[in-house]
Amino acid sequence: MSARFDRTPLPRSFFDRPVLSVAPDLLGRTLVRTTDEGPIELRITEVEAYDGETDPGSHAYRGRTARNASMFGPPGHAYVYFIYGMWFSLNLECGPEGKASGVLLRAGEITTGAELARKRRLSARNDKELAKGPARLATALDVTRALDGTDLCGDPASPLTVLTGEEPAPDLLRTGPRTGVGGDGAHHPWRFWLYGEPTVSPYRAHAPRRRST
């Protein structure tokens, strides 16, 4: 591990900022998932920003619901949702309480606990694929709706914590349109990733789901 790596947990003030400031600043940070079997640590390499009720791509665009309620809570909490009836995705909420904005964790490098992640990601061909994509990331870290609303900045024994980590070189930052987002939010360049990282997921434009006839 680099001598510059900082294991100080990020304070709530880090998340209490506009989502487009928080999202790129999460790159290079380390997410710690504490499980009964031991810790899993993930260096964040790819994220997407979602700006709540002003953003057509956000789950909160049409207001508060039972599903997205944690998005409207205080900053520094997790929002976990179930998608396509199969997968979970992990978001880190930011901005002031009452404003639903957050950052989707799209990909990362497992730096500790790879043996635990492999048990959950049996289809991964190698360790670079363990958390390459939001559903794979959540599966590798054993993230389910049970973690929705988890405080990332409070109890040291929390199952989710974000460490300061190591700041990447500024010239490695890249940005582009979000993956799989359609409609008016399709072209927002709110996906951020680290250039050259093999864990970053491939970009895919939105493709409308076909309805069975």
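Residues numbered from 1 in each chain as written. Predicted model: local features only at pLDDT ≥ 70, side-chain atom pairs only at ≥ 80, totals over all residues. Heavy atoms only, no water.

Student: Which parts of the structure should I look at to understand the overall build of the protein?
Tutor: Tallying secondary structure elements over the protein gives four helices and nine strands in all. Along the chain direction, N to C, the helices and strands of the protein fall in the order β-α-α-β-β-β-β-β-α-α-β-β-β. Over its C-alpha atoms the protein spans a radius of gyration of 16 Å, differing by no more than 12% from the 17 Å that the globule rule assigns to 213 residues. Expressed as a percentage of the 213 residues in the protein, the buried residues total 48%. Pairs at least 24 residues apart make up 62% of the contacts formed inside the protein by residues separated by at least 6 positions. Of the roughly 10,600 Å² that the protein leaves accessible, carbon and sulfur atoms contribute 52%. For the protein, the distance from the average site of its 28 positive side-chain charges to the average site of its 26 negative ones is 7 Å. (Helix = DSSP H or I, 4+ residues; strand = E, 2+ residues; numbered from the N terminus. Rg over C-alpha atoms; globule rule 2.2 N^0.38 Å. Buried < 20%, exposed > 50% of the residue type's maximum accessible area, 1.4 Å probe, protein only. Contact = heavy atoms within 4.5 Å. Areas by Shrake-Rupley, 256 points an atom, 1.4 Å probe, with all protein chains shown as cover. Lys, Arg positive; Asp, Glu negative; His and termini not counted. Charge placed at Lys NZ, Arg CZ, Asp CG, Glu CD.)

Student: Hey, could you run me through the layout of surface pockets in this one?
Tutor: Gaps left between atoms show up when a probe the size of a water molecule is rolled over them. Approximately 150 Å³ is the volume found for the second largest pocket. Every residue lining the second largest pocket is listed: Pro 24, Asp 25, Leu 27, Arg 29, Glu 166, Glu 167, Pro 168, Ala 169, Pro 170, Leu 173 and Leu 194. When its residues are assigned to classes, the lining of the second largest pocket shows seven nonpolar, no polar and four charged. (1 Å grid on protein atoms, 1.4 Å probe; cavity = no way out; pocket = protein on both sides within 12 Å on 5 of 7 lines; lining within 4 Å. Points joined across faces, edges and corners; volume = space filled by probe spheres on them. Nonpolar A, V, L, I, M, F, W, Y, C, P; charged D, E, K, R; others polar.)

Student: Whenever I open this one, the environment of Leu 27 confuses me. Can you help?
Tutor: In this fold, Leu 27 is placed in the loop between helix H2 (19–25) and strand E2 (30–35). Note on Leu 27: relative accessible area 3%, which makes it buried. Along the backbone, Leu 27 and Gly 98 are 71 residues apart, and their C-alpha atoms lie at a distance of 25 Å. When near neighbours in sequence (up to four residues on either side) are disregarded, Leu 27 contacts Ile 44, Thr 45, Glu 46, Val 47, Pro 168, Leu 173, Phe 192, Trp 193 and Leu 194.

Student: Just to check I follow, could you spell out the packing of aromatic side chains for this structure?
Tutor: The geometry of two aromatic rings is summed up by the distance between their centres and the angle between their planes. One pass over the full model with this rule turns up three aromatic pairs. Geometrically, the ring pair formed by Phe 14 and Phe 15 is edge-to-face, given 5.1 Å between the ring centres and 80° between the ring planes. Residue classification places Phe 15 among the buried residues on the basis of a relative accessible area of 0%. Ring plane angle 35° and centroid distance 4.7 Å describe the contact between Phe 82 and Phe 88, whose orientation is recorded as tilted. Judged by relative accessible area, Phe 82 falls into the partly exposed class, the value being 38%. By relative accessible area, Phe 88 is classed as partly exposed at 22%. Between the NZ or CZ atom of Arg 17 and the centre of the ring of Phe 14, over which it lies, the distance is 4.6 Å. The lysine or arginine in question, Arg 191, covers the ring of Trp 193, its NZ or CZ lying 4.2 Å from the ring centre. (Phe/Tyr/Trp six-rings, centres within 6.5 Å; stacked < 30°, edge-to-face > 60°. Lys NZ or Arg CZ within 6 Å of the ring centre and 35° of its normal.)

Student: Explain the nonpolar core here, please?
Tutor: Across soluble globular proteins, you tend to see nonpolar side chains buried next to one another. Counting residues in hydrophobic clusters, the biggest one holds 40 residues, and the most contacted among them are Phe 15, Leu 26, Leu 90 and Ile 110. Top element by residues in this core is strand E3 (residues 38–50). It accounts for five residues. Formed by nine residues, the second largest nonpolar core is a distinct cluster that contains Met 71, Tyr 81, Ala 100 and Val 181. (Core = buried A, V, L, I, M, F, W, Y, C linked by side-chain atoms within 4.5 Å.)

Student: Explain the pattern of salt bridges to me, please; I cannot follow it from the model alone.
Tutor: Between side chains of opposite charge, a pair can form as their charged atoms come close. Per the counting criterion, the structure on display carries 18 salt bridges. Here Arg 106 and Glu 46 are joined by a salt bridge, their closest N and O atoms 3.0 Å apart. Here the residue Arg 106 occupies a position in strand E6 (residues 101–112), and Glu 46 occupies one in strand E3, the gap between them amounting to 60 residues. You'll find Arg 106 and Glu 46 in the same group, each marked buried. Across the pair Arg 106 and Glu 48 runs a salt bridge, and its minimum N-O distance is 3.9 Å. Here Glu 48 lies in strand E3 and Arg 106 lies in strand E6, a separation of 58 residues in the sequence. As far as the burial class goes, Arg 106 and Glu 48 line up, both buried. Several salt bridges converge on common partners, so that one network encompasses Arg 33, Glu 37, Lys 119, Arg 120 and Asp 142. (Salt bridge = Lys/Arg side-chain N within 4 Å of Asp/Glu carboxyl O.)

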